[in-house]
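Chain by chain, the residues run as shown.
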Amino acid sequence: MGMKIRFIEPGNRPYRRSPLNLFVYERYIRAPSNGMLTLATLASRSFDDVHCYSESISEIDWDDVVDADVVCISFFSFAACRAYAIADALHESCDMLVVMGGLHPTLAPEEAARHCDYVLRGEGDESLVPLLKCLEEYRDPVGVVAGACALRDDGLAGLEPEIPHAIDTIPDYSLVHRYKEMAGHNTIWPQVHASRGCPHNCSYCGLVAAFGRKVRCRPPESVVTEIEQAIEFFDAHHHRIAKMLWITDDNFFANRAWAVSVLESIIARGIKYNFTIQARYEVGFDDEMLDLLREAGFSELAMGIEFIDDESFAAYGKKSTRAEIERSIANIQAHGLRVRGLFIVGTENHYPGVGDQLADFVLEHDIDGILVQSMYFIPGTPSYDDHKDDLLDPGRWDRCVGAVVHRPKNMTPTQLQKEIIRASKKVYSAPRLLNALVKKRGLERVLFIGEFFWQASIRSDLRRELGYLEQLERS
Ligand code: SF4
């Protein structure tokens, strides 16, 4: 068919070549997202001229974009400001139709609709192509295609999104501009998404608000075929030092029997690779699963630990306790797997000193790497509704990259931001770098060195913002 369709995944800021790129491409997401790629792959089966740009890996070729018939812009909250700037500029100077989708437009459709012709809410696997066909035939998709909506005189109009049944699409990496060249860099890892949904209900989690609590899994054999293809795409003709594949599921272990099948299939096909995966603490009590993970080539679990105090777990509906997490970490490590910790600070139960406490927890439990972010509030989540009056500068989605975005109860925003800097500095200190150089080997050593510089760049961003936070505090 004749439409020219371009997909754009904006970054938090425009892609810029820099020596820093040796370690850090886009600071927070380091590969094009599977969501955009999956939808572009589906679109390419019905339309001939489909191409994608992701600002995590390249500049956008505007000469190619300006004469497109449809531009689809997909984004998370941290890239919303950039997405709106791109859409507004395209609308001002070009004739194409602009469609927005992804997590943020799904959860804040009215806001997104002010910058585009249509918003496609939901996952899009079964609704994007029908929407594009409507546009090709000059028909209005609103009221026809599930999830398609637009602003009308009396507000946002459109049908609610429907959960797709067919989610087994292997993304076509070749659709993304310069992906093959960039895949040779150590900071860009292959990603595979094998299941959707999570049965838990943490009140700050946008994924549950967008994808629901019913866990949907792809056939194990197809997941493993995608893993093989991703490894081939990333490693053929490249000499990557840090060979790591990230299974990006939010809760891969929610369906235990299925997770076992995927791991057994990786082993049966003889795939030899390093994998990392996100996990809740419960998997740390499943000895059989931990053994299988090791056998399948998993070297670390990225655990959404979030808090280290039971009051914060209770306040945000996270079913965890500090004692259980400590037991889980110890057992995971006893099975030869590393633990990476994902943490959140700035709850009602956090006071000055939380940064030190967090760093001490990390050092005490020998956690290999960390990501610390301030409490975040994604539209459409219960936490957002509870805290929207505490937000410092609503609409500044570009600040949702781990920085402090609200007025915490027991500290000033500036104090909290300094706590994050302190925690990062203590975990990624010069003596610990030296220790990693001497004692760690292979991939572990490479990862620590890379993260050392990555965290330094994050700290410098956070420090640069302290003056701005002080101004907001005074206003
Ligand atoms: S367990 Fe993780 S993915 Fe599931 S609701 Fe909680 S934060 Fe979200």
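Residues numbered from 1 in each chain as written. Predicted model: local features only at pLDDT ≥ 70, side-chain atom pairs only at ≥ 80, totals over all residues.

**Some words on the domain arrangement of the protein**
For the protein, the domain assignment lists domain 1 (4-158), domain 2 (189-336) and domain 3 (346-475). Here the C-alpha centre of domain 2 lies 28 Å away from the C-alpha centre of domain 1. Counting residues at the interface gives 7 residues for domain 1 and 8 residues for domain 2. Per-element accounting of the side of domain 1 that touches domain 2 gives the leading share, 3 residues, to helix H4 (residues 103-107). Residues that form the side of domain 1 that touches domain 2 fall into these classes: 3 nonpolar, 2 polar and 2 charged. (Domains from an automatic or database assignment. Contact = placed C-beta atoms within 7 Å. Helix = DSSP H or I, 4+ residues; strand = E, 2+ residues; numbered from the N terminus. Nonpolar A, V, L, I, M, F, W, Y, C, P; charged D, E, K, R; others polar.)

**Notes on the pairing of strand E3 (residues 70-74)**
Regular strands show a simple pattern: their side chains alternate between the two faces of the sheet. Summarising burial for E3: 5 of the 5 residues are buried, a large majority. Every second residue of E3 is oriented toward a common face, with Val70, Cys72 and Ser74 on one face and Val71 and Ile73 on the other, all of them buried. Where strand E1 (residues 4-9) meets E3, 4 bridges bridge the pair, whose relative direction is parallel. Following the sheet pairing, Ile8 is matched in E3 by Ile73. Pairing of E3 with strand E4 (residues 97-101), which is carried by 5 bridges, proceeds in the parallel orientation. Along E4, the bridge assignment pairs Val70 with Leu97. Taken together, E3, helix H3 (residues 80-93) and E4 form a β-α-β motif whose crossover is right-handed. (Buried ≥ 20, exposed ≤ 12 C-beta atoms within 10 Å, placed from the backbone. Pairing = 2+ DSSP bridges. Right-handed = clockwise from strand over helix to strand, strands pointing away.)

**Examining the sheet that holds strand E11 (residues 245-247)**
Taken in spatial order, the 6 strands make up an open sheet running E8-E11-E12-E13-E14-E15, and their pairing is parallel. Bordering the open sheet on either side are strand E8 (191-192) and strand E15 (369-374), each of which pairs with just one other strand. Of the strand pairs in this sheet, E11 and strand E12 (residues 275-279) are connected by 3 bridges, and their pairing is parallel. From the neighbouring strand, Leu245 faces E12, where its bridge partner is Phe275. Along the sheet, helix H14 (residues 354-364) makes contact with strand E14 (338-345) and E15, crossing E14 at roughly 170°. (Axes fitted to C-alpha atoms, helices over the stretch in contact; angles between N-to-C directions.)

**Looking at helix H10 (residues 256-268)**
The end-to-end C-alpha distance of H10 is 18 Å, a good match for the 18 Å that 13 residues give at a rise of 1.5 Å each. The complete set of buried residues in H10 reads Ala259, Val262, Leu263 and Ile266. Take H10 and look down its axis: the buried residues cluster within an arc of 95°, on one side only. Exposed residues pointing more than 90 degrees away from the buried face of H10 are listed as Ala257 and Ala268. Looking at the packing, one finds that the buried side of H10 touches helix H9 (220-235) and helix H11 (287-296). Immediately beyond the C-terminal end of H10, within one or two residues, lies Gly270, with a positive phi of roughly 70°. (Expected span 1.5 Å × (residues − 1). Arc of directions from axis to C-beta.)

**Quick word on the packing of helix H16 (residues 413-427) against helix H18 (residues 442-464)**
Two elements in contact, H16 and H18, have axes whose closest approach is 10 Å; the angle formed by their N-to-C orientations is 160°. Our classification of the angle between H16 and H18 gives roughly antiparallel. For the pair H16 and H18, the crossing hand works out as left-handed. Two secondary-structure elements touch here, H16 through Gln417, Ile420, Ile421, Ser424 and Lys425 and H18 through Gln455, Ile458, Arg459, Leu462 and Arg463. Split into classes, the residues belonging to the contact of H16 with H18 amount to 4 nonpolar, 3 polar and 3 charged. (Parallel < 35°, antiparallel > 145°, perpendicular 65-115°, else oblique. Left-handed = near helix turned anticlockwise from the far one by under 90°.)

**A few points about unusual backbone geometry**
Unusually for a residue other than glycine, Tyr138 sits at a positive phi of about 55°. Within the secondary structure, Tyr138 is located in the loop between helix H6 (128-136) and strand E6 (148-152). Taking the C-beta count within 10 Å as the criterion, Tyr138 has 6 such neighbours and is therefore assigned exposed. With phi around 65°, Glu306 is a residue other than glycine that occupies positive phi space. Residue placement: Glu306 occurs in strand E13 (residues 298-306).

**So, the pairing of E13**
E13 sits mainly inside the fold: 7 of its 9 residues count as buried. Direction of pairing for E12 relative to E13: parallel, over a ladder of 5 bridges. Looking at the pairing, Ala279 lines up with Met303 of E13. This β-α-β element, E12 to H11 to E13, shows right-handed connectivity. Sheet topology note: the E13/E14 ladder contains 5 bridges and is parallel. In the strand pairing of E14, Glu306 is matched with Phe343.

**Let's talk about the site of the ligand**
Taken together, Cys198, His200, Asn201, Cys202, Cys205, Leu207, Val208, Asp250, Asn251, Arg280 and Gly304 make up the full set of residues near the ligand. Counted by class, the shell around the ligand contains 5 nonpolar, 4 polar and 2 charged residues. (Near = placed C-beta within 6 Å.)

**Re the sheet that holds E3**
Ordered by their spatial adjacency, 7 strands build an open sheet running E2-E1-E3-E4-E5-E6-E7, and the pairing between neighbours is mixed. Each edge of the open sheet is held by one strand with a lone partner, namely strand E2 (49-54) and strand E7 (155-158). Taking each pair of neighbouring strands and ignoring which way they run, the sheet shows an average axis angle of 25°. Pairing analysis gives 2 bridges linking strand E5 (residues 118-120) to E6, with the strands arranged antiparallel. Looking at E6, one finds that Leu120 is bridged to Ala148. Relative to E2, helix H1 (residues 34-44) is tilted by about 170°, and along the sheet it contacts E1, E2 and E3.

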